[in-house]
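Report on the structure
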Amino acid sequence: MQFENSLAFAQSLDQKDALRSYRDQFHFPQLNGKDVIYFVGNSLGLQPKNSKAFVDEIMEDWKNLGVEGHFYAEKPWWDYHERFSSTLSKIVGAKPSEVSVMNTLTVNLHLLMVSFYRPTSKRFKIICEEKAFPSDQYMLASQVRFHGYDPEEAIVTLKKRDGEHNFRTEDVLKTISAVGEECALLLIGGVNYYTGQVFDMETITTAAKAKGMFVGWDLAHAAGNIELKLHEWDIDFAAWCSYKYMNSGPGSASGCFVHERHHGLKDIPRFEGWWGHHKKERFLMAPEFVPEPDVNAWQISNAPVLSMAPYLASLEMFDEVGMESLIKKRDLIVSYLEYILNEVAKEVKGNFEIITPSNPEERGTQLSVFLHGYGKDIFHYLMENGVYLDWREPNVIRLAPVPLYCSFEDVFRFGEVLKAGLSSSEL
Ligand SMILES: *Cc1c(COP(=O)(O)O)cnc(C)c1O
C-alpha cells in the first residue's frame, strides 16, 4: 500500500478498519481533556470497559453469598480458572487441557522449572538470550544456584553479531548444536522485550528438542500479539503475563501452558497444592495428592478470582475479534508507523534507526527506535504532549500501536508531535 503522511489519509485508513469500533470499548487516560495516544500497551494494556462488571460481579457475590460463592456464585470461584482454557487455548494455539491461569509470570516460570529444569552433572546448562528481561535473568541464575551449579558456567547466552540489533536463527541453531547434550533447558523470550524481535520458535524448538533439551518460552510480549502454535510446535511449557497485550490489569494472573505429553505422569517433579488436586476429590481433604489430569495439576492455591476477573473480561473481546483480524490490522498499523517514522526522520534530518526487524514475520506490534544524538528530553516532550511511550537506556523509545485500541490517526498525530519535539530548539 502506498502510504501518505496526512491526517486525511490516516483517517481514511481508520474508516476502512474492521476493528475501529473496539477503541470505544477501552478507557483512555486523559491529558488536557484529551485522550492520550497510548503506545505502551506492551507494558500495561488499557482497561476494557467491560472489566469492571466482571470484578463487581465477584464483589457482589462475595457480599451476598459469603463462603457459598465458592459453589453458588454466578461464576463459581472454585473452578473459575477453568473458564479461561477454551478461549485462551485458541489465542496461543494449544488444546484447552494444556492452558490455564495461575499466579504471576515469574512465579510460574519458577514453578515450571521445577518440572523442566532437572540438571545432572553431565547435563545442567541453560540456553537463554543475552540481555534477557531482568526478571528472567534473576530467575535463571537463582534456579541454577538452587541446584548447586554456578550460573557463570551453566547459563549460556545467545549472542547478537557485532553491530547487529537482532539475533540470527542460524546463530541460535549453532549454539544449540555446540552446547548439545550438556544443555538441560532452552528458555527464551518469544518476542524480545527490547527490540520487539520475534524468534522463529518452531525452528528453534525443533532443533533444541533434537538434542534432548526441554524447551520453554516466556511469552510475556507474545501472547495476544503474535500467532502462536504451542501445541503443534511441540513446546514443553510456556508462560505469559496478561497485563501487557492482553489488557487484564496490573499484576493480573499469568497464563501457562504445559504440553499434554507431560500430563498424567506419576513421577514428574512438581511443587503441589490443593488446587492441583483432582477436582472431584479436592474437598475430601485426603492426605495423598491425586493430580488433575491436565495442566491444572500445576495449580497450587485457590484461585485469586478478583485479579483473574479482568482477564476473563478481556478474553471475551479477544474471542470476538480473533487473532487473525488482530494480526491483519497489526501489520498495517505497524507498517504505517514505520513509514511515518521514516518521513519524520527525513523532514527533521534526524538520525533514527528502527532496530526492530523490518520483516513483518519477525515482529509484532512493537517498534523500537534508536534516536541517535537525542537525549531523554524528547521522551519527556512526547509524554507532556500526550504521547505515552517508553524509554529504554541509552536512547531507545519503544512504540506499540496496539491494534485493538490504537488508530491510524494516532500514528499520524504521533508523527506530528515527534517532528515538533525534534525541531524545537529547547531539546
Ligand atoms: C513483563 C515481563 C516479565 C514480568 O514478570 P512478572 O513476573 O509478571 O512481573 C517477565 N519476563 C518478561 C520477558 C517480560 O517481558
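From a predicted model like this one, the values you see are computed outputs, not experimental measurements.

Contacts to the ligand come from L105, T106, F133, D136, D218, A220, H221, C241, Y243 and K244. The contact in question runs from a nitrogen atom of the ligand to an N or O atom on the side chain of D218, over 2.9 Å. Notes on the ligand: free accessible area 390 Å², of which the protein chains cover 83%. Among the residues forming the shell around the ligand, the class breakdown is five nonpolar, two polar and three charged.

The tally for this structure, following the rule as stated, stands at 29 aromatic pairs. Of the aromatic side chains, those joined through ring pairs into one cluster are F3, F9, Y336, Y339 and F408. The ring of F133 carries K244 above its face, with NZ or CZ at 5.0 Å from the centroid. A cation sits over an aromatic face here: R270 above W298, 4.7 Å from the ring centre.

Time to look at the nonpolar core. If you look at soluble globular proteins, the nonpolar side chains tend to sit buried side by side. Residues L88, L186, W217, W240, Y336 and L404 are the most contacted members of the largest nonpolar core, which totals 109 residues. Once residues within four sequence positions are removed from consideration, Y336 is found in contact with F3, E4, N5, S6, F9, A10, L13, F408, V411 and F412. If you look at the next biggest cluster of nonpolar residues, it comprises 27 residues, including L105, M139, L187 and A239.

This part covers a nonpolar patch on the surface. Residues L65, F71, Y72, W274, F283 and M285 make up a contiguous nonpolar surface patch of about 620 Å² in total accessible area. Tracing the backbone shows F71 in helix α3 (residues 69-72). Overall, F71 belongs to the partly exposed group, its relative accessible area being 39%.

Below, the discussion takes up helix α9 (residues 201-210). Since the α-helix turns once every 3.6 residues, residues separated by three or four places project in the same direction. When α9 is considered as a whole, its buried residues turn out to be M201, I204, T205 and A208. All buried residues of α9 lie within an arc of 100° about the axis, which places them on one face of the element. If you follow the buried residues of α9, they end up packed against α8 (169-179), β9 (183-189) and β10 (214-218). Once α9 ends, the next one or two residues include G212, with phi positive near 85°.

So, on to helix α6 (residues 134-146). An ideal rise of 1.5 Å per residue puts 18 Å on 13 residues; α6 measures up with 18 Å between its terminal C-alpha atoms. Among the residues making up α6, those that are buried are D136, M139, L140, A141, Q143 and V144. Contact partners of the buried residues in α6: α5 (105-116), β7 (125-129), α7 (151-154), β8 (155-158), β9 and β10. In the stretch just after α6, G148 is the one whose phi turns positive, near 85°.

Side chains of D200, E202, E227, E232, E324, E361 and E362 sit close together on the surface and give a patch of like negative charge. Counting through the fold element by element, E227 comes out in the loop between β10 and β11 (237-240). Look at E227 and you get exposed, because its relative accessible area is 51%.

The next thing to look at is the environment of S358. Along the chain, S358 turns up in the loop between β13 (351-354) and β14 (367-372). Sequence-wise, S358 and L187 are 171 residues apart; in three dimensions their C-alpha atoms are separated by 25 Å. When sequence neighbours within four positions are dropped, the list of residues in contact with S358 reads E338 and R363.

Strand order across the open sheet formed by four strands is β13-β14-β17-β16, with antiparallel pairing between neighbours. Two strands bound the open sheet, and with one partner strand each, they are β13 and β16 (390-392). Averaged over all adjacent pairs, the angle separating strand axes in this sheet is 30°, with direction ignored. Here β14 pairs with strand β17 (residues 396-399) via four bridges, running antiparallel. Counted as the bridge partner of V369 is I397 from β17. Contacts between helix α11 (residues 323-348) and the sheet are confined to β13, β14 and β17, with β13 contributing the most and set at about 160° to the helix.

We now examine the side chain of N296. With respect to the secondary-structure elements, N296 resides in the loop between β12 (254-258) and α10 (305-321). If we skip the residues at most four places from it in the chain, N296 touches H81, E82, S100, W275 and G276.

Analysis parameters
- For every chain, the first residue of the written sequence is number 1, and numbering continues from 1 along that sequence.
- Residue-level local features of this predicted model are given only where pLDDT is at least 70; pairs of side-chain atoms are given and counted only at 80 or more, and the full residue set underlies all totals for whole chains, interfaces and linings.
- Hydrogens and water are ignored here; the side-chain numbers use all heavy atoms of the structure.
- Residues are counted as near a molecule or strand when any one of their heavy atoms sits within 4 Å of it.
- Polar contacts, as counted here, are pairs of nitrogen or oxygen atoms within 3.5 Å of one another; within protein the pair requires one atom able to donate a hydrogen and one able to accept it, and residues that are adjacent in sequence qualify only if both atoms are side-chain atoms.
- In these tables, accessible area is a Shrake-Rupley quantity obtained with a 1.4 Å probe, and a residue counts as shielded only by the protein chains included in the view.
- Any residue outside Ala, Val, Leu, Ile, Met, Phe, Trp, Tyr, Cys, Pro, Asp, Glu, Lys and Arg is labelled polar, Gly included; the first ten of those are nonpolar and the last four are charged.
- Stacked, edge-to-face and tilted labels apply to pairs of Phe, Tyr and Trp rings (six-membered ring for Trp) whose centres lie within 6.5 Å, assigned for plane angles under 30 degrees, over 60, and everything in between, in that order.
- We count a charge as sitting over a ring when the NZ of a lysine or the CZ of an arginine lies within 6 Å of the ring centre and within 35 degrees of the ring normal.
- Buried residues of nine kinds, namely Ala, Val, Leu, Ile, Met, Phe, Trp, Tyr and Cys, make up a nonpolar core once their side-chain atoms join them within 4.5 Å.
- Three labels apply to residues, based on accessible area from a 1.4 Å probe with only protein chains included: buried if under 20% of the type maximum, exposed if over 50%, partly exposed otherwise in between.
- Contacts are assigned to residue pairs with any non-hydrogen atoms lying within 4.5 Å of each other.
- Two joining distances apply to patches: 9 Å for like charges and 5 Å for nonpolar side chains (Val, Leu, Ile, Met, Phe, Trp, Tyr), and every residue must have over 30% relative accessible area and no salt bridge.
- A side-chain nitrogen of Lys or Arg and a carboxyl oxygen of Asp or Glu constitute a salt bridge if their distance falls within 4 Å.
- Each helix is a run of H or I in the DSSP string that is no shorter than four residues. Each strand is a run of E no shorter than two, and both are numbered from the N terminus.
- In this context, the arc is that of the directions from the helix axis out to the C-beta atoms.
- Multiplying one less than the number of residues by 1.5 Å gives the expected span of a helix.
- Residues scored as positive are Lys and Arg, those scored as negative are Asp and Glu, and His as well as the terminal groups of each chain are ignored.
- To locate a charge, the coordinates of NZ of Lys, CZ of Arg, CG of Asp or CD of Glu are taken.
- Strand pairing requires that DSSP identify at least two bridges connecting the strands.
- Interaxial angles span 0 to 180 degrees and are taken between N-to-C directions of axes, which are lines fitted to C-alpha atoms, for helices over the stretch in contact.

That is the geometry; function is a separate question.
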